Amino acid sequence: RPGRHLKPRDPNQNWKEHGLCIGMDQDIFFPTRGADVETAKTICAACPVRIECLNYALENNETFGIWGGTSQRERRKLRRTLRLVPAGDAA
């Protein structure tokens, strides 16, 4: 079911300290329009806090950059999908 894996393990956001993106060039994760995003997505795919990052981006309506391995367009589609899931089914 969509949404059930998007619950943060760390509500205090300490997850940010464990991201593979820490110390990396942020231009990788915030590319200019039309630039390659596959490098960022590859890094995110191996990240231990990818779900927390994605959840943060969804909850805070992040409109720029790659978060949790997703682009702005992918997050927008995911938000629409999650709104279609009845609240009781997302747990």
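All of these numbers come straight from a predicted model, not from anything done at the bench.

**Thoughts on a positive patch on the surface**
- A cluster of like positive charges, contributed by R33, R73, R76, K77, R80 and R83, occupies part of the molecular surface.
- Of note, R80 is situated in helix 3 (residues 72–84).

**Some remarks on the side chain of T70**
- Of note, T70 is situated in the loop between helix 2 (50–59) and helix 3.
- In this structure T70 comes out as buried when scored by relative accessible area, which is 13%.
- Within the structure, the side chain of T70 is placed 2.8 Å from the backbone oxygen of W67, a separation counted as a polar contact.
- With near-sequence residues (within four places) excluded, T70 lies in contact with L54, G65 and R75.

**Observations concerning the environment of P31**
- You can see P31 is positioned in the segment before helix 1 (38–45).
- C-alpha separation for the pair P31 and I66, spaced 35 residues apart in sequence, amounts to 8.4 Å.
- If sequence neighbours within four positions are ignored, P31 has contacts with D36 and V37.

**Here's the deal with the layout of surface pockets**
- Here the largest pocket defines a volume of roughly 410 Å³.
- Around the largest pocket, the lining comprises 14 residues; the ones closest to its centre are P31, R33, G34, S71 and Q72.
- Its residues placed into classes, the lining of the largest pocket shows 5 nonpolar, 6 polar and 3 charged.
- The space that makes up the second largest pocket amounts to roughly 290 Å³.
- Considering the residues around the second largest pocket, the lining is formed by 18 residues, among which W15, C21, Q26, C53 and W67 are closest to the centre.
- When grouped by side-chain class, the residues that make up the lining of the second largest pocket number 13 nonpolar, 3 polar and 2 charged.

**Structural notes on helix 2**
- Of all 10 residues that make up helix 2, 7 are buried, and the element is covered over most of its length.
- Looking only at helix 2, the buried set comprises E52, C53, L54, N55, Y56, A57 and L58.
- Remark: N61 follows helix 2 within two positions and exhibits a positive phi of approximately 50°.

**Section: the confidence of the model for the protein**
- In the predicted model, the protein carries a mean pLDDT of 84, and 78% of its residues have values of at least 70.
- The secondary structure element of the protein with the lowest average pLDDT is helix 3, at 88, and the one with the highest is helix 1, at 96.

About the criteria used
Residues numbered from 1 in each chain as written. Predicted model: local features only at pLDDT ≥ 70, side-chain atom pairs only at ≥ 80, totals over all residues. Heavy atoms only, no water. Patch = residues over 30% accessible without salt bridge, like charges linked within 9 Å, V, L, I, M, F, W, Y side chains within 5 Å. Areas by Shrake-Rupley, 256 points an atom, 1.4 Å probe, with all protein chains shown as cover. Salt bridge = Lys/Arg side-chain N within 4 Å of Asp/Glu carboxyl O. Lys, Arg positive; Asp, Glu negative; His and termini not counted. Charge placed at Lys NZ, Arg CZ, Asp CG, Glu CD. Helix = DSSP H or I, 4+ residues; strand = E, 2+ residues; numbered from the N terminus. Buried < 20%, exposed > 50% of the residue type's maximum accessible area, 1.4 Å probe, protein only. Polar contact = N/O pair within 3.5 Å; in protein donor to acceptor, adjacent residues only side chain to side chain. Contact = heavy atoms within 4.5 Å. 1 Å grid on protein atoms, 1.4 Å probe; cavity = no way out; pocket = protein on both sides within 12 Å on 5 of 7 lines; lining within 4 Å. Points joined across faces, edges and corners; volume = space filled by probe spheres on them. Nonpolar A, V, L, I, M, F, W, Y, C, P; charged D, E, K, R; others polar. pLDDT = per-residue confidence, 0-100.

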